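Fold and geometry: a report
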Amino acid sequence: MDEPGAARLADPDVEARLARLDELLEGLESTPGPVTRPATEAVGLLTEVYGEALARVLDLAGTALAARLADDELLGHLLVLHDIHPEPAERRAARAVERLRPAVRERGGDVEWAGVEGGVARVRLTAGGGCGAGCGSGGADVTGAVRAAVLAAAPELTDVEPVPDPAARRSAPAFVPLATLTHRSAP
């Protein structure tokens, strides 16, 4: 008998197989012929059965084990795919933002979770030096990284939008010389 874990795939190998699976399914769906429909139906049924198996594993697992399973990148994605992830999308997305926060702060900015509205994640981005999140290509890089991380953690969300930083909108009141308020010109 093989050693435990001997047939395990490294993450890059899993990613390569998933990419190949996507290619094969796209090719299958676009191929006309009498085999296409039964083949895609077989893949769909197999996916449903594996989803049910995962749901049963979660039912048998305690809270701590379910959380550990959900934290695994591959298992977490499968749990989302089958709509059985034990953690709500909003919480997963908020954790993704918190994980990015130190890297954004190293660049002189900040990122904060602002919630979900209508399936759209909302984040507050600020950049160092007083410019807003959209300032220069660095801001676009940060926005893109945040978008990718949030949608990877919670793909059921439809988009990620930055919200204005209330502190950035505040500006000093305009200076009005006192003399203009106390002296009126004659009509």
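In the block above lies the structure referred to throughout.
The following paragraphs examine the structure supplied in this document. (Residues numbered from 1 in each chain as written. Predicted model: local features only at pLDDT ≥ 70, side-chain atom pairs only at ≥ 80, totals over all residues. Heavy atoms only, no water.)

1. Here we look at the packing of helix α3 (residues 63-71) against helix α4 (residues 73-81)
In contact at an axis separation of 5 Å, α3 and α4 are set at 100° when each is read in the N-to-C sense. It follows from the interaxial angle that α3 and α4 lie roughly perpendicular. Facing α3, whose interface residues are L69, A70 and D71, α4 presents E73, L75, G76 and L79. Looking at the contact of α3 with α4 residue by residue, the class counts come to 4 nonpolar, 1 polar and 2 charged. (Axes fitted to C-alpha atoms, helices over the stretch in contact; angles between N-to-C directions. Helix = DSSP H or I, 4+ residues; strand = E, 2+ residues; numbered from the N terminus. Parallel < 35°, antiparallel > 145°, perpendicular 65-115°, else oblique. Contact = heavy atoms within 4.5 Å. Nonpolar A, V, L, I, M, F, W, Y, C, P; charged D, E, K, R; others polar.)

2. Overview of the sheet that holds strand β2 (residues 120-126)
Pairing is mixed across the open sheet formed by 3 strands, whose spatial order is β1-β2-β3. Of all strands in the sheet, those bounded by a partner on one side alone are β1 (110-117) and β3 (159-163). On average, adjacent strands in this sheet sit at an angle of 30° to one another, irrespective of strand direction. Looking at chain direction, β2 and β3 are connected through 5 bridges and run parallel. The residue of β3 that forms the bridge with A121 is V160. Here helix α5 (residues 89-106) sits on the sheet and contacts β1 and β2; the angle it forms with β1, its principal contact strand, is near 165°. (Pairing = 2+ DSSP bridges.)

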